[in-house]
Amino acid sequence: MKHKFISILLAAAMVLSMAACGGSPSQSQPDHSSADGSADTKAPEDKLTYSAVAVLHASTYDLDDSLPMQILQEKYNIDIEFQSLLSSELSEKRNLLLNSGDYPELFIKSGMSSSEMLDYGSQGILIPLEDLIKEHMPNLTAWLDENNAWQWILSSDGHVYGLPCYELAITDWTPYWINMKWIEYLGLKEPSSLDELYEVLKAFKEQDANGNGDPNDEIPLAFNGMPTFLMQYLGQAVDSRTYCTVNDGKLSFVPVTDMYYTYLEFLAKLYAEGLILDTCFTITGEELTAKGTENDIFGSSASAGIFLVVGRDNDDDYKMLTPFGEGQYAIGNGIGTGVFCVTDKCTNPGPVLAMFDTFYSQEGGILATMGVEGETYSVNEQGEWEWILGGKYGETVDEVRGNGTIQGTTAGPYLSPDIWWTKMSPNADPDEVYLNQERVRTAAYGVSVLPNMHYTEEDEDTVAALATDIQMYFEEYTVEVITGKKDLASTWDNYVATVERMGLSDLMDAYQRTYDKSIALQ
Amino acid sequence: MNRRNHSDTIFDTANVIIMCVLLLIFIWPLWFVVAASFSDPNELWMGNVVLLPKGFTLEAYEKLLEYSDIWVGYKNSILYTAAGTLVNLAATVALAYPLSRKDFMPRNLIMMMLIVTMYFSGGLIPTYLVVKNLGMVNTFWAMIIPGAISTYNVIVTRTYFSNSIPAELHNAAKIDGANNLQFLWKIVLPLSKPILAVIGLYYAVGHWNDYYTALIYLYDKKLFPLTCFLKNMIIDASLSMEGSFGVSATEMEKMIRLSQSLKYSTIIISVIPLLIIYPFIQKFFVKGVMIGSIKG
Amino acid sequence: MNYLLYLLVLPGVAYYIIFCYVPMPGVMMAFVDYKSKLGLLGSPWVGLKHFQRFFNSYYFGVLIKNTLGISIYSLLVGFPIPIIFALMLNYLNIKWLKKTVQMVSYAPHFISTVVICGMLTMFLNQETGIVNQLLGKLGFETVGFLAEPKYFKSIYVWSDVWQGMGWSAIIYISALAGVDYELHEAAIMDGATKIQRMLHIDIPSIKSTILMLLILQFGSLMSVGFEKVYFLTNPRNQSAANIISTYVYQVGMLDHDYGFSTAVGLFNSLVNMILLITVNRISRKVADESLF
């Protein structure tokens, strides 16, 4: 009798193990690194193999299957065995792999952050690349030298632990778009100062700017979340990560300065006069889009691309508000870091680095981001390019991009070619072309506020603790002032005092220290 | 007689009314999810969808079914749930039954041991290393063994055994010459159908909805359960918004729209199997299971 | 003869040792500046540094207050409701209604948090949300539910009740199914009303189930889930929505320090465990029911 129970358990176990054999366990990263070919190669020559981890684009596209990677691997006779990571688990998986010792030789398009690179690099888990770049990657070296870009890929200990990705340098904050159709309809001109902006927004509200006879349906300023986009129009460029401005080498924390007082005063006035969407702090992006696409009621809004808020039909009514002056607009540098890292398990990185160097030239950049002419994209007589749809790479733009390029989801090891930005055919996507035009136009006014900030680990800890707390506090205060719950004039001093009490000076010391050190490295 | 009838009638009527109200409160939002999965996302946010879908579209389902990997995910989920639940039940009962016996000496010690693990855990990395050293990473077993026992469920099962299996029953069986295993198999388990059904349901649902275990231990797309794909599709969009690298505006827009429409259809798709199974389980929650087992 | 029992527990105990106790030293990460190359033992000891970072935060008090506020509210409201629901369902005479309500009541459990939050945001919207539309029709003013910190806890808890009551009731329904019907027959003979039967037969019969779940719930008071709060937070209700788990997440975004999150997790666990042991002891003294 007792045997029956145990025998059933055993039977169950057998069934389960047979099921398991059906899905045979694949090994975690194989540890090949030498020149000799792996067991599955049939090529007579030696084939190099590497193990790598890469993000799975759009939940479906393996980097390995993409056209550029297939072309390269064939040409260089290198086989990279990819393990794909879902984008939702990127950072957890990365850290898990690196901390448990279970990591592959290469991390490609895995979203590695600079603090991780410093951490793992200093432990020797990631190897320094600067000499290898100079030795095996002439394209990249040339580009880095010409653009003085080495500083941007250095970690705090002076080493390079990850290759860069370069795309267009655009605004550091969210772009702010204003409805030019309404402006022209009312006979106004584009505002060039905060006061003029106020007048325009007021006119939107009072003068039936959308011309439909209803003077009450216009919303001059509609956004969701925090109105940080306006930080670009306060007279000085502000860095979006630290909220600092730089004057003569000295950093100051904007949320406790007069600049911020002006900012709050301006927004509070707008809100009190009903010029701002009153549910701006509570509605979601989707709701904002629903409102904006239904009707022509937004006078201005903030978004990465205005067609995301008002739909593709109306997006060219808007333009990015031109910065009020030179040097007041903060832009990024267009460089993404950590897109390609090499671990200490890789004993022969030279060849694979040389292979990826292909993507760091103009032609290589085209291969990386557009694919192959005649297969994934075509060029017309004006030199403009567009995607080839309906061919063997896919029916829609996403499919073609997913199958034919290595772009998407995260930054990758390539230089975005000029042609991508400047010569995209309106046939491909007129709204994208328009967006890029606007981006380029406003970026011309821009400056980069901070150099690549090389935090020591100690400073990073300090910053993480204080910056989170302080940001929560000044955001709370901002909302209270704008909605009128607190009166700005009478509570400002108390607010500044509280921020200082929370440890602002320690935070600023860390920032200043890091800034001085980083500027010197330039 | 009158008093009892009167009081009970009021109770019954109130009960029915309350249950009907509850029925509405539950059904309407559920119906909403179904309607939403067929609606245009913009209409949703404008508040136009109340009973019927607005801007009727099959887009959400089309998009979902375009991902051929979904079917692999479905198959995997079913496999993990079925196999996993079997293992769970066997392991949990094997542990819970002895703990419910007052004459089992180490019971409190073992119980303490279990409870400590509910609160103190080594964390992700050490656990991952253990699984890796056992050779289970990126295999089917990783979805079954590391999560084989849930302390919470052991406690629930043990409590049930303690209450529903009286000592007299055990004594009677002992007199008849049965040993512990026979008693467990022939008497305890049949009497425990309700709790087995509940625990089985808890474990099964846990497996079905689990994406975290797969996240950590699996790399091979062919092994992912359904939830990984579904969750990923929805999160992909928010990621594209944050980092604008390598993401063209069209891609951004597509992803956002996709995640909106997918949100509801993914629920429907992943819930259907569970809704189908539940009525079978419901049979176990029947009154009077214990009838006749104890006399005097 | 009990050796068979020892045999039965063996696999289970082995499981706990392998998967829970072997990795447990990882808890030390809370006291150490973990460097994977050096391993846990080789990494520099920093004592209570991570904990201090947490305790010294300007928001420490707020975080604890918000977290406990939500979980206690949840306990007071969310604990009794599934029990009452199960009891009442048990006495429902109309079979089709009974089956339907039960099945429909547990379905919300399967809706993912992301969608629940999306639905809540939609329904509570001041202009277009259905709740405010109803209020308007009834002649009341519309309310910005998500804009006011004071509503946050209620929104969180009551939506949890809606989502969880049917699912939580399952265990009570199952326990009630094991109640000997003869007891009810005897009571009916004596002229007891349904309510009397509930109070004197049903509840005492499932007393141990109730107490067990109550003790367990006390043991998770510090652990308010992350996802739901995260998706319901906006700049206006933030002051009420700042809880421990969301804070740890935010800090973790700037600084991928495992030490900090492990330390906070350890602190939570310690408090939870103390609560569990205390409540367990009380339960043993007062009701003679305990987990251990």
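All figures in this text were calculated on a predicted structure; none of them were measured in a lab.

Notes on the interface of chain A and chain C
For step 1, the next point in the chain: Listed as interface residues are 40 residues of chain A and, on the opposing side, 31 residues of chain C.
For step 2, the next point in the chain: Where chain A meets chain C, there are three salt bridges.
For step 3, the next point in the chain: On inspection of chain A and its partner chain C, the count reaches seven residue pairs in polar contact (both at pLDDT 80 or more).
For step 4, the next point in the chain: At the level of elements, helix H1 (2–22), helix H3 (90–100), helix H4 (114–122), helix H11 (285–294) and helix H18 (457–482) of chain A are the ones that each hand at least two residues to the side of chain A that touches chain C.
For step 5, the next point in the chain: A total of 13 residues in the side of chain A that touches chain C trace back to one element, the largest contributor, which is H18(A).
For step 6, the next point in the chain: By residue class, the composition of the side of chain A that touches chain C is 16 nonpolar, 11 polar and 13 charged.

Quick look at the confidence of the model for chain C
Caution applies to low-pLDDT parts of the model: their predicted coordinates are not meant to be read in detail.
All names here are of chain C.
For step 1, the next point in the chain: Across chain C, the average pLDDT comes to 88, with 100% of residues at 70 or higher.
For step 2, the next point in the chain: Put simply, helix H2 (residues 39–42) is where chain C has its lowest mean pLDDT, 80, and helix H4 (residues 60–78) is where it has its highest, 94.
For step 3, the next point in the chain: Model confidence for the complex is summarised by a pTM of 0.85, with the ipTM given as 0.85.

Quick word on the pairing of strand E6 (residues 244–247) of chain A
All names here are of chain A.
For step 1, the next point in the chain: Pairing geometry for E6 and strand E7 (residues 250–253), over four bridges, is antiparallel. Bridge assignment links Thr245 to a residue of E7, and that residue is Ser252.
For step 2, the next point in the chain: Taking the residues between adjacent antiparallel strands as the criterion, E6 and E7 are bridged by two residues, where Asp248 takes a positive phi near 50°.

Details of the domain arrangement of chain A
All names here are of chain A.
For step 1, the next point in the chain: Examined at the domain level, chain A breaks down into domain 1 (48–170 + 334–416) and domain 2 (172–330 + 434–521).
For step 2, the next point in the chain: The C-alpha-based centres of domain 1 and domain 2 are spaced at 33 Å.
For step 3, the next point in the chain: On the domain 2 side, the residues contacting the 13 residues of domain 1 number 12 residues.
For step 4, the next point in the chain: When domain 1 packs against domain 2, the two sides together hide about 1,000 Å² of surface, and 56% of this comes from carbon and sulfur.
For step 5, the next point in the chain: When the area that domain 1 buries against domain 2 is broken down by residue, the three leading residues are Trp152, Ser156 and Ile170, summing to 44%.
For step 6, the next point in the chain: Linking domain 1 to domain 2 there are six residue pairs in polar contact (both at pLDDT 80 or more).
For step 7, the next point in the chain: If one sorts the elements of the side of domain 1 that touches domain 2 by residue count, H4 sits on top with four residues.
For step 8, the next point in the chain: Here the residues of the side of domain 1 that touches domain 2 are counted per class, giving seven nonpolar, five polar and one charged.

Focus on the interface of chain B and chain C
For step 1, the next point in the chain: Contacts between chain B and chain C engage 98 residues on the former and 91 residues on the latter.
For step 2, the next point in the chain: When chain B packs against chain C, close to 8,500 Å² is buried across both sides, 75% of that on carbon and sulfur atoms.
For step 3, the next point in the chain: Per-residue buried area on chain B facing chain C is highest for Phe26(B), Tyr119(B) and Phe120(B); these three make up 9% of the total on that side.
For step 4, the next point in the chain: Residue Lys194(C) is joined to Asp12(B) by a salt bridge in which the shortest nitrogen-to-oxygen separation is 2.6 Å.
For step 5, the next point in the chain: Put simply, chain B and chain C have 11 residue pairs in polar contact (both at pLDDT 80 or more) between them.

Notes on the sheet that holds strand E3 (residues 106–108) of chain A
All names here are of chain A.
For step 1, the next point in the chain: Read from one edge to the other, the open sheet built from five strands follows the order E2-E1-E3-E11-E4, with strand pairing classed as mixed. Strand pairing shows two members of the sheet lacking a second neighbour, strand E2 (78–85) and strand E4 (163–166), which therefore form its edges. Within this sheet the neighbouring strands show an average axis-to-axis angle of 35°, counted without direction.
For step 2, the next point in the chain: With three bridges connecting them, strand E1 (residues 48–55) and E3 associate as parallel partners.

Points about the packing of helix H5 (residues 107–119) of chain B against helix H7 (residues 151–164) of chain B
Residue and element names in this part refer to chain B.
For step 1, the next point in the chain: Contact geometry for H5 and H7: axes closest at 9 Å, N-to-C directions at 145°. Here H5 contributes Arg107, Met111, Leu114, Ile115, Thr117 and Met118 to the contact with H7, which in turn contributes Thr151, Tyr152, Val154, Ile155 and Arg158.
For step 2, the next point in the chain: When its residues are assigned to classes, the contact of H5 with H7 shows seven nonpolar, two polar and two charged.

How each quantity is defined
Residues numbered from 1 in each chain as written. Chains lettered and ligands numbered in written order. Predicted model: local features only at pLDDT ≥ 70, side-chain atom pairs only at ≥ 80, totals over all residues. Heavy atoms only, no water. Contact = heavy atoms within 4.5 Å. Salt bridge = Lys/Arg side-chain N within 4 Å of Asp/Glu carboxyl O. Polar contact = N/O pair within 3.5 Å; in protein donor to acceptor, adjacent residues only side chain to side chain. Helix = DSSP H or I, 4+ residues; strand = E, 2+ residues; numbered from the N terminus. Nonpolar A, V, L, I, M, F, W, Y, C, P; charged D, E, K, R; others polar. pLDDT = per-residue confidence, 0-100. Pairing = 2+ DSSP bridges. Domains from an automatic or database assignment. Buried area = accessible area lost by both parts, 1.4 Å probe. Axes fitted to C-alpha atoms, helices over the stretch in contact; angles between N-to-C directions.

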